[in-house]
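If you want the building blocks of each chain, they are given just below.
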Amino acid sequence: MAEGATAEATGPQYFVGLDVGSKVVVASSSVKEPFSVSVNVNGLSNRDTPNVCAFDGKQRLMGEAAEGRVNGLPKAVLTHLITAMGKGSDVQERKDHYGWQWDLKVEDGEKPATIGPVTFGPDDADPLELAPAHALSMVLQEVIRYGQQDPTRPGTTDETPFEIAIAVPDHFNDQEMGSVKAALALLKLPNATTHLIRSSTALASAYVHKEGSNMATTPDAARHIAVVDVGYTHASVNVLSFTVGEEGKISAEVKACASKPNSGVFAILKHLFDQACKQIKAKHGADVPLASKRGYRLITALTKALKELSMLNDASVVLECFLPDDVDISLNFTRASLEESIAEILGELRTTLKEALTAAGSLELHSVEIVGGGCRIPCVQSCISQETGVATLRTGLDGSSCIGTGSAVWAAGKRPLPAVDLDAIPTVVDDEQLAKCREQEAYIAGIHDKEVGRLMKRNELEARIYEIRGWLSGGDRSLLHPAVVEPALDKLQLWFEDAEMEDTTHEQYAEKHQELETLLEAEAGEFMEKVRQDKLKKEEEMKKAAEEEAARRAELGMNFDKDDRVMKKEDRLRLAVNNKDEGNDMFKAQKYDDAVRRYKKALEHLRRPELVNNATPDEKSTMDATATSCHLNSAQCYLKAAALAEAEQGKNGGEPFYKKARTSCDEALELNPESIKALFRRATCYEKLGETDMARKDIHAGLKIAPEDGDLKKADARLEKLQVKEKEKAKAMYGKMFG
């Protein structure tokens, strides 16, 4: 149990599970419905969060926000954190293999390495040197919050007791487990009961949760399954045996576990990377090191190309201004060339499968379950089928979230396998080192919190200035005494612009903000009172509307969740279609939040095992069409929300919604790669997010399918002009810098 991890006498009120890998998935459930598990989304509504942290000036960033700083701050963005656990010599090898750009110190190859130096804090501050366990604990502390703050559990606070299970890869050795143990000791979870489990344990719980009443009811009748996980770094195979006892309690045994490093998705990406580098060398005579900004940018683009090759026979990558002198690159790949190049990796997977199946003995497999991103690749699936002799591989565990879900189910009480004994794990970070980490954490958190507070006060002042500008342009301008307020606002605007170039403090922004409010009350008191009354009236209207909507939802039975019920697949499919139709009605009524919730509920129904495992071809067609519609409509809701946010908050206000819309389009295109709507809407998102080359790529993909589509033609012409302007602007900027 992690330090300070105790539950109050009242017992846990909710349960949280974490899948800790190259990305972190968080799932949770309430004590009232412990086995009705939800995958918790992060601030961008993504179901997983990159296991990355970064240091930008005086701020500490996590997840996508950290990952987005790689090109600007390569040595301050700690990518691939999960692979930094263990002894220093192993970590150094992984650094070279994965192309980390951040610095690493290895003084003793048998002990944990040190991350750094990393620049952080005031200009005169000493650079940070971090223990990998400390860096991992930062990310875990952040993502656990997503499970703690699940909006479907109103009333829970930071003081509410809960139970958490954290799953780590099966292939972790004692040194790596020791680093994770240290990370858990650094977590600040005083009201939590914390457990560490292996991925195979989470998978066993997820399987029991999924199968439920479908499991054999005859006492001592064993069911054997193989779970193949082709993850980011490793390919792993677990052979699990389940037995139902006389009282219906299900127990499990790991019959065999085999894992191979450098045989996961990254190994496949590395082959694509090598192909890309050969094309770039042949066309442009340039080298692209993996451990470089260009290398990271290329790997990111190839990740998307690999997804395309999992669905299509070919894929292309276009990167603008990639090489010196603003040289663009264009790369082409085919599925056939990919399959040929990864023959060695497929051979490693075959060896891993053989090792596991041989170690398990002559068992008759009930099924082969596939999870992990690599299992989406057709040749990987063929390899698994050939070695196991099972033609139909099952995907009912939901490969992207099943370990997180299984961890939450385990925490809630379905425990066919035991947790890891933390006391049996060797200590690789001693008490003195842990104390140093805690002292360093307090220092980092103090600087970060102070900077966030300063920026919030700065943003409040800026927003107020723009708000008053809007008032001065409105019909009540005369009430604002513009002869006095407008010059004062102009003067404040100039101060604000100068303050941007200086190290202006929270107190200085607060002082200027207070001066502005005092001026408004003195010179425009009547107007300010009108603003306050209008605000109160609007709040009352919103409260009344919310109460009416709650009554309407209750009357229609929309607050009743049937997901945990056993029902016929036909009924489940009917509920999904009904939820989609309800979402459409809410969209027409401009209730975009409710519409998205209905679409998400429809998708949850479609992921249920009674549909996934037993659908007829016609039902599968209906499922795919319904899911595609839900993703497309969700994207449209987010686009509408983005436009509203931009109108209220300025250009940056819409960014989170455009990212959510883009994710919905990605999911729609996974189901239907030729969806014109998905391509067009994703292009809109890319354009709004400033990724013009990606936007035009989607438009061109759409024009290949529908060459006469008017909207696509207009978008292509507009984006072409925008690209020309961007290049001209960039050249002008470089001319000023180097002219």
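The preceding data block contains the structure.
What counts and how
- Residues numbered from 1 in each chain as written.
- Predicted model: local features only at pLDDT ≥ 70, side-chain atom pairs only at ≥ 80, totals over all residues.
- Heavy atoms only, no water.
- Helix = DSSP H or I, 4+ residues; strand = E, 2+ residues; numbered from the N terminus.
- Rg over C-alpha atoms; globule rule 2.2 N^0.38 Å.
- Buried < 20%, exposed > 50% of the residue type's maximum accessible area, 1.4 Å probe, protein only.
- Contact = heavy atoms within 4.5 Å.
- Areas by Shrake-Rupley, 256 points an atom, 1.4 Å probe, with all protein chains shown as cover.
- Patch = residues over 30% accessible without salt bridge, like charges linked within 9 Å, V, L, I, M, F, W, Y side chains within 5 Å.
- Salt bridge = Lys/Arg side-chain N within 4 Å of Asp/Glu carboxyl O.
- Lys, Arg positive; Asp, Glu negative; His and termini not counted.
- Charge placed at Lys NZ, Arg CZ, Asp CG, Glu CD.
- Core = buried A, V, L, I, M, F, W, Y, C linked by side-chain atoms within 4.5 Å.
- Phe/Tyr/Trp six-rings, centres within 6.5 Å; stacked < 30°, edge-to-face > 60°.
- Lys NZ or Arg CZ within 6 Å of the ring centre and 35° of its normal.
- Pairing = 2+ DSSP bridges.
- Axes fitted to C-alpha atoms, helices over the stretch in contact; angles between N-to-C directions.
- Right-handed = clockwise from strand over helix to strand, strands pointing away.
- Expected span 1.5 Å × (residues − 1).

*Asks:* Please explain the overall build of the chain as it appears in this structure.
*Replies:* Counting secondary structure elements, the chain contains 23 helices and 18 strands. Radius of gyration (C-alpha) of the chain: 28 Å, near the 27 Å computed for a compact globule of 739 residues. With the principal axes as the frame, the chain shows a C-alpha extent of 90 × 70 × 70 Å. Each of the 739 residues in the chain was classed as buried or not, and the buried ones make up 48%. If you take every contact in the chain between residues at least 6 apart in sequence, the share linking residues at least 24 apart comes to 68%. Carbon and sulfur atoms make up 50% of the accessible area of the chain, which totals about 35800 Å².

*Asks:* Explain the environment of Leu331 to me, please; I cannot follow it from the model alone.
*Replies:* Topologically, Leu331 is positioned in strand β17 (residues 327-334). Residue Leu331 is classed as buried on the basis of its relative accessible area of 1%. Taking the C-alpha atoms as reference, Leu331 lies 9.3 Å from Gln275; in sequence the two are 56 residues apart. If we ignore the near neighbours within four places in the chain, the residues touching Leu331 are Ala276, Gln279, Ile280, Leu298, Ala315, Ser316 and Val317.

*Asks:* Before we go on, may I ask you to explain a negative patch on the surface in this structure?
*Replies:* Residues Glu539, Glu540, Glu541, Glu547 and Glu548 make up a contiguous surface patch of negative charge. The residue Glu540 is located in helix α15 (residues 525-555) in this model.

*Asks:* For this particular structure, what's the right way to read the nonpolar core?
*Replies:* A general feature of soluble globular proteins is that nonpolar side chains tend to end up buried together. Ranked by internal contacts, the top residues of the largest apolar core, which has 114 residues, are Leu18, Phe55, Leu78, Leu298 and Ile384. Residue contributions to this core peak at 10 residues, all from helix α6 (residues 265-284). Look past the residues within four positions of Leu298 in its chain and what remains in contact with it is Phe273, Ala276, Ile280, Val288, Leu319, Phe322 and Leu331.

*Asks:* I'm lost on the packing of aromatic side chains in this one. Help?
*Replies:* Given two aromatic rings, one states the distance between the centres and the angle between the planes to describe the pair. By the definition in use, this model includes 10 aromatic pairs. Ring geometry for Tyr207 against Phe242: centres 5.0 Å apart, planes inclined by 25 degrees, an arrangement best described as stacked. Separated by 35 residues along the polypeptide, Tyr207 in helix α5 (residues 199-211) and Phe242 in strand β14 (residues 234-244) bring together distant segments of the chain. When its relative accessible area of 0% is taken as the criterion, Tyr207 is described as buried. Look at Tyr232 and Phe266: their rings are 5.7 Å apart centre to centre, the planes differ by 50 degrees, and that puts the pair in the tilted class. Remark: Phe266 occurs in helix α6 and Tyr232 occurs in the loop between β13 (222-230) and β14; sequence separation between them is 34 residues. You can call Tyr232 partly exposed: its relative accessible area is 24%. Taking NZ or CZ as reference, Lys414 lies 4.6 Å from the ring centre of Phe35, over its face. Taking the ring centre of Trp410 as reference, the NZ or CZ of Arg415 above it sits at 4.0 Å.

*Asks:* Hey, could you run me through the sheet that holds strand β8 (residues 104-105) in this one?
*Replies:* Backbone hydrogen bonds hold the strands of a sheet together, and the pairing may be parallel or antiparallel. As summarised here, the arrangement of the three strands in space is β8-β9-β10, forming an open sheet in which the pairing is antiparallel. The sheet is open, and its two edges are formed by β8 and β10 (128-130), each paired on a single side. Inspection of the sheet shows β8 paired to strand β9 (residues 114-118) by two bridges, in the antiparallel sense. Looking across to β9, one finds that Lys105 is bridged to Thr114.

*Asks:* So what exactly am I meant to see when it comes to unusual backbone geometry here?
*Replies:* The phi torsion of most residues other than glycine is negative, and most of the peptide bonds are trans. For the bond from Gly116 to Pro117, the omega torsion is 5 degrees, close enough to zero to count as cis. Locating Pro117 in the fold gives a position in strand β9. For His80, which is not glycine, the phi dihedral falls at a positive 55 degrees. As for its position among the elements, His80 is in the loop between β7 (77-78) and α2 (88-98).

*Asks:* Explanation requested: the sheet that holds β13 in the structure shown.
*Replies:* Taken in spatial order, the four strands line up as β15-β14-β13-β18 in an open sheet, and their pairing is mixed. Each edge of the open sheet is held by one strand with a lone partner, namely β15 (250-261) and β18 (365-371). The sheet shows a mean angle of 15 degrees between the axes of neighbouring strands, taken without regard to direction. The pairing of β13 with β18 spans six bridges and is classified as parallel. Counterpart to Ala226 in the pairing with β18 is Val368.

*Asks:* What should I look at first to understand the pairing of strand β12 (residues 192-198) in this one?
*Replies:* Each regular strand shows side chains that alternate between the opposite faces of the sheet. Most of β12 sits out of view: six of its seven residues are buried. As paired strands, strand β11 (residues 162-168) and β12 are joined by seven bridges and run parallel to one another. Directly across from Val168, in β12, lies its bridge partner Arg198. Once the chain exits β11 it traverses helix α4 (residues 174-186) before rejoining the sheet at β12, and the crossover so formed is right-handed.

*Asks:* Can you help me understand the pairing of β13 in this one?
*Replies:* With eight of its nine residues buried, β13 lies for the most part within the structure. Where β13 meets β14, nine bridges bridge the pair, whose relative direction is antiparallel. Paired with Asp229 across the two strands is Ser236, which belongs to β14. Adjacent in sequence and paired antiparallel, β13 and β14 are bridged by three residues.

*Asks:* For this particular structure, what's the right way to read helix α20 (residues 655-671)?
*Replies:* Helix length check: α20, at 17 residues, gives a terminal C-alpha distance of 25 Å against a target of 24 Å (1.5 Å per residue), a fit within 8%. Taken together, the buried positions of α20 are occupied by Tyr658, Lys660, Ala661, Arg662, Ser664, Cys665, Ala668 and Leu669. Tucked inside the fold, the buried residues of α20 contact α19 (617-649) and α21 (676-688).

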